[in-house]
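# Fold and contact review
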Amino acid sequence: MTTISDPVTQYQQVYDQARTSLPGKDLNWLTKLRDQAYESFATQGFPHRKVENWKYTNVNNLGQQAFTPAIAIGTVNTELLATAQIPDLDCYQIVLVNGLFAEQYSQLSGLPAGIIITSLSNALTDHTEIVRTHLNKQLTYQGQPFAALNTMFLRDGVFCYFDNNSVLDKPLHIIHLATGDRQNVMSFPRHLIVAGEHSQATLIESYHGDKDQLYFNDCLTEIHLHDHSQLTHYSLIEASQAAYHIAALHAWQQQHSRLQAYNFALSGKLIRNDTRAYLIGTHTQCHFNGFYRVRSDQHIDNHLLTDHQQPHGTSTQTYKGILDGNGHGVFNGTVIVAEDAQKSKTQQLNKNLLLSPTAQINTKPELQIFADDVQCTHGATVGQLDDKALFYLRSRGISEAMARRILNYAFMSDIIDNVELEPIKIKLKRDLKGSI
Amino acid sequence: MSSKTIDKIVNREYEHGFVTDIETDTVAPGLSEDVIRMISAKKNEPEFMLEWRLRAFRHWLTMTEPQWSSVTHPPIDYQKISYYSAPKSDKDRPKSLDEVDPKLIETYNKLGIPLYEQQKLAGVAVDAVFDSVSVATTFKEKLAEAGVIFCSFSEAVQNHPELVKKYLGSVVPYRDNFFATLNSAVFTDGSFCYIPKGVRCPLELSTYFRINAANTGQFERTLIIAEEGSYVSYLEGCTAPMRDENQLHAAVVELVALKDAEIKYSTVQNWYPGDEHGKGGIYNFVTKRGACRDANAKISWTQIETGSAITWKYPSVILQGDNSVGEFYSVALTNNRQQADTGTKMIHLGKNTRSTIISKGISAGKGHNAYRGLVRVGPAATNARNYTQCDSLLLSDHCSAHTFPYIEVKNPTAKVEHEASTSKISDDQLFYCRQRGISAEDAVSMIVNGFCKQVFRELPMEFAVEAQKLMEVSLEGAVG
């Protein structure tokens with residue numbers, strides 16, 4: 001492992017080498033975006049713990065390692081791909097290997113009319129206008145240096161366009177595989193989802209890596225929901241035990257649109273999710289649900305932001321976590337209700353189960369309310385299994401280990417029961433049963 | 001509610017706004033080592049105090065003003081503040097109330113806290129801090145009988161230097177934060193209280209702080225030590241005359257509770273909040289912290305914050321001893337352009353430690369109210385328990401209410417709960433009251449009082465009455 005003194009210079013150097021080979025280099029607007037991102041990343045620097053947004057998540061280790069950006073797919077681990085597929089799920093499939101579109105493994109035939117699903121690099125040439133008007137449109141890099149980094153190195157990802165009134169008949173499963181012959185690969189998948197008026201769709205993003213392969217994912221999903229559109233989004237993170245996974249989901253919601261987002265962080269060395277929704281239209285609905293299972297030396301950090309900018313919005317943030325080993329969990333949920341966003345309703349809940357003496361949790365459910373006619377509640381709990389419940393089960397002849405598993409399972413089940421897609425529910429239950 | 005009534009009450013002049021014309025001995029504005037040496041010399045302090053002040057000052061020079069809070073204010077010029085102001089008659093201090101400057105007595109009368117009446121009716125010993133030097137201390141003899149030391153800080157430095165030396169800075173070290181460090185360097189006076197082993201303090205101790213001389217920053221320092229098995233209830237209340245220039249108040253309060261001891265610290269703060277445009281008003285940047293040093297100790301903070309242009313403070317408890325208890329009850333009200341960033345820190349270190357946080361924020365006008373709290377459970381704090389509730393009430397569409405609760409848990413046996421809500425007074429509630437012939441104003445006042453009841457209940461009798469009255473005055477008409 002090479003150690004480096006200044007991560008910012010390191011990334012700048014890598015960028016300077018890579019910039020001529022990046023797609024869309026002839027597009028002036030894209031070059032401009034990259035330059036802005038470059039500038040913002042350079043001014044902000046690599047995050048450290050003095051920055052409020054990164055107070056509990058130390059990325060020094062990440063900054064001290066040298067990664068090289070993936071430029072070719074390389075060999076695909078078909079076994080890994082097989083485990084990544086969700087049994088009994090009838091879906092369209094896109095496979096990205098190290099953030100790059102792998103056409104031969106993707107399955108997109110039979111898409112309904114009015115729906116475009118392709119790789120972002122293709123979209124840059126085939127659908128330039130839609131991409132230009134939506135990509136990075138309202139994204140801010142402030143406090144989001146990794147979003148800036150993603151834009152700098154933007155190479156590929158998925159582009160979805162749902163025309164007005166179109167309905168995606170089957171879910172789209174975007175499988176991300178980190179695989180290759182080399183260690184220390186970094187990838188920057190960038191997804192752009194544009195949902196037209198009254199459109200409906202379900203997307204699943206899942207991330208997988210070889211057992212203890214070291215890599216760095218810096219992912220960014222941009223979602224633009226137009227009037228009355230509906231989107232359900234799942235994120236399943238099953239990264240390798242050595243992987244750094246930093247992901248962001250930013251959604252802009254026009255009036256009457258609905259976003260339902262699920263996040264399941266199950267494995268990875270360091271996981272950071274920035275999930276943000278900007279409710280820029282009236283009568284929007286936005287629901288964030290998440291579950292994190294923190295084990296051994298894992299670090300999982302969930303940062304949420306729901307920004308009510310217009311009246312009559314409804315939002316929830318419901319996140320639960322089970323932590324043991326030396327695991328470290330972070331939850332930071334923010335709800336902002338702007339001055340004119342009257343009649344907003346928000347609920348925020350974070351519950352944590354601490355199972356080992358060395359596990360730790362930092363939680364911060366935050367409200368910033370500038371309007372008066374609102375209903376906002378938030379709650380956070382940290383605790384352990386209820387002795388009485390445990391005793392009740394023991395008294396029925398259930399072993400202690402089993403009783404604990406039953407209670408742990410019950411703790412997380414309401415999040416999982418909420419999942420609308422049955423095959424995902426079954427998969428999660430199966431995977432998590434083993435780990436609790 | 002009619003906008004007339006709103007205007008009437010919102011535009012009400014600050015009741016306690018008047019300046020008493022007393023000769024004061026004020027040092028020219030500015031801060032340097034010389035000024036600190038002079039303060040120390042004027043107070044005839046022993047060498048260790050001067051050294052401590054200078055260490056703090058030198059450290060302060062290396063610090064920068066913190067920027068993380070949600071409050072905003074124009075930059076403070078620390079060289080424009082006068083760091084010492086004492087009533088003229090320093091040499092012959094009054095021995096009883098008769099000797100007190102009649103104008104001072106008049107001031108207190110205007111405030112509605114006449115010393116005479118308090119002595120007789122409330123049975124409260126009052127250490128009245130008028131600007132920076134204590135001028136009247138009552139019931140000293142009665143307290144002395146019980147062995148309780150209750151005096152001004154300067155007296156304590158003279159008479160009990162060993163206690164001061166042992167405990168000063170032991171809870172809030174001079175390096176703690178920008179304002180605490182500044183205070184350590186320049187504090188002029190404050191209260192000192194020592195409750196010996198096994199003594200239950202016979203009276204409720206009370207200090208009325210009052211800022212008077214123009215341009216004088218108040219740098220109070222309060223130190224309360226409760227020895228093993230003792231109990232004390234301490235009351236602090238403030239009002240200030242109307243003034244145009246912002247005044248900085250950077251006090252430090254340190255509480256030390258030893259084995260089985262209990263300290264109850266109550267504050268009613270009603271300093272001048274500035275006019276409706278946000279002009280003037282006090283900057284209240286205070287560091288308050290208590291340490292439950294030993295087993296079964298208990299520290300309880302209760303605060304009613306209705307005044308000041310900016311309130312920025314976090315009364316905290318360090319729960320070191322096993323089974324120790326920390327409590328924080330707070331009502332913070334912001335009206336017009338007032339800003340409050342307040343909350344608490346509960347640091348659980350010992351086993352079976354418990355803490356309760358009840359915070360009620362009320363925002364009206366263009367007020368800005370933030371709860372910022374930390375609950376930290378250390379790895380050794382087995383069976384630690386915390387319950388936090390912070391509710392906000394919004395009374396206008398231009399005010400804001402924020403909550404920033406930090407929860408850090410490193411022990412699996414800990415139970416930490418946090419809940420909060422933000423809402424306005426519901427129309428149903430108002431309608432219910434109106435329907436029964438209660439005027440809108442009374443109804444709002446009633447509902448707000450109900451909202452705060454959990455906290456008011458914790459106040460000593462005298463304060464509970466004052467607090468309710470304060471809420472009525474500061475709020476009623478601000479509701480629309």
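All values reported here derive from a predicted model rather than from experimental measurement. (Residues numbered from 1 in each chain as written. Chains lettered and ligands numbered in written order. Predicted model: local features only at pLDDT ≥ 70, side-chain atom pairs only at ≥ 80, totals over all residues. Heavy atoms only, no water.)

### What about the layout of surface pockets?
In this structure, the largest pocket occupies an estimated 1600 Å³ of space. Surrounding the largest pocket, 48 residues form its lining, E52 and K55 of chain A together with W68, R372 and Y406 of chain B being those nearest its centre. For the lining of the largest pocket, the residue count by class is 18 nonpolar, 14 polar and 16 charged. (1 Å grid on protein atoms, 1.4 Å probe; cavity = no way out; pocket = protein on both sides within 12 Å on 5 of 7 lines; lining within 4 Å. Points joined across faces, edges and corners; volume = space filled by probe spheres on them. Nonpolar A, V, L, I, M, F, W, Y, C, P; charged D, E, K, R; others polar.)

### A closer look at the nonpolar core
Counting 88 residues, the largest nonpolar core has F162 and L172 of chain A together with V409 of chain B as its most contacted members. Ignoring anything within four residues of it in the chain, the contact list for V409 of chain B reads L354, A359, Q360, I361 and V382 of chain A together with V377, A414 and V416 of chain B. Core analysis: the second largest hydrophobic core is formed by 55 residues, L31, F178, F285 and A309 of chain B among them. (Core = buried A, V, L, I, M, F, W, Y, C linked by side-chain atoms within 4.5 Å. Buried < 20%, exposed > 50% of the residue type's maximum accessible area, 1.4 Å probe, protein only. Contact = heavy atoms within 4.5 Å.)

### What to know about the domain arrangement of chain A
Residues and elements named next belong to chain A. The domain architecture assigned to chain A consists of domain 1 (7-281) and domain 2 (387-436). Relative to domain 2, the C-alpha centre of domain 1 lies at a distance of 32 Å. Facing 15 residues of domain 1, the contacting portion of domain 2 comprises 13 residues. Carbon and sulfur atoms supply 73% of the area buried between domain 1 and domain 2, which totals about 1200 Å² over both sides. Contact with domain 2 buries surface across domain 1, with Y234, Y262 and F264 losing the most and accounting together for 37% of the total. (Domains from an automatic or database assignment. Buried area = accessible area lost by both parts, 1.4 Å probe.)

### Some remarks on the side chain of N150 of chain A
Residues and elements named next belong to chain A. Position of N150 among the secondary structure elements: in helix α7 (residues 145-152). Note on N150: relative accessible area 0%, which makes it buried. Excluding its chain neighbours within four sequence positions, the residues that come into contact with N150 are F188, P189, R190, D218, C219 and L220. (Helix = DSSP H or I, 4+ residues; strand = E, 2+ residues; numbered from the N terminus.)

### Remarks on the packing of helix α2 (residues 33-42) of chain B against helix α3 (residues 47-61) of chain B
Angle between the axes and distance between the axes are the two parameters that describe a pair of packed helices. Residues and elements named next belong to chain B. The contact between α2 and α3 brings their axes to 10 Å, and the two run at 155 degrees. In terms of axis orientation, α2 runs roughly antiparallel to α3. Viewed along their axes, α2 and α3 form a crossing whose handedness is right-handed. Mapping the contact onto sequence places E33, I36, R37, I39 and S40 in α2 and L50, R53, L54, F57 and R58 in α3. (Axes fitted to C-alpha atoms, helices over the stretch in contact; angles between N-to-C directions. Parallel < 35°, antiparallel > 145°, perpendicular 65-115°, else oblique. Left-handed = near helix turned anticlockwise from the far one by under 90°.)

### Details of the packing of aromatic side chains
Scanning the model with the defined rule gives 32 aromatic pairs over all chains in all. Through a chain of ring-to-ring contacts, three or more aromatic side chains come together here, namely Y11, Y15, Y38, F41, F46, W54, F67, F146, F153, F188, F216 and Y244 of chain A. Stacked on the ring of F411 of chain A, the Lys or Arg K320 of chain A has its end atom at 4.7 Å from the ring centre. Against the face of F187 of chain B rests R221 of chain B, its NZ or CZ located 5.7 Å from the ring centre. (Phe/Tyr/Trp six-rings, centres within 6.5 Å; stacked < 30°, edge-to-face > 60°. Lys NZ or Arg CZ within 6 Å of the ring centre and 35° of its normal.)

### A look at the confidence of the model for chain A
Keep in mind that low pLDDT regions are not for reading the predicted coordinates in detail. Averaged over every residue, the pLDDT of chain A is 92; the share at 70 or more is 98%. When pLDDT is averaged over each helix and strand of chain A, the minimum, 87, is found for helix α1 (residues 7-18) of chain A and the maximum, 97, for strand β8 (residues 190-195) of chain A. (pLDDT = per-residue confidence, 0-100.)

### Some points on the interface of chain A and chain B
Contacts between the two partners involve 35 residues from chain A, matched on the other side by 30 residues from chain B. Taken over both partners, the interface formed by chain A and chain B buries close to 2700 Å², and the fraction arising from carbon and sulfur atoms is 51%. Ionic pairing is found between D373 of chain A and K424 of chain B, a salt bridge with its closest N-O pair at 3.9 Å. At the junction of chain A with chain B, the criterion picks out 15 residue pairs in polar contact (both at pLDDT 80 or more). Broken down by secondary-structure element, the contributors of at least two residues to the side of chain A that touches chain B are β20 (360-369) and β21 (375-383) of chain A. The element that contributes the greatest number of residues to the side of chain A that touches chain B is β20 of chain A, accounting for 10 residues. (Salt bridge = Lys/Arg side-chain N within 4 Å of Asp/Glu carboxyl O. Polar contact = N/O pair within 3.5 Å; in protein donor to acceptor, adjacent residues only side chain to side chain.)

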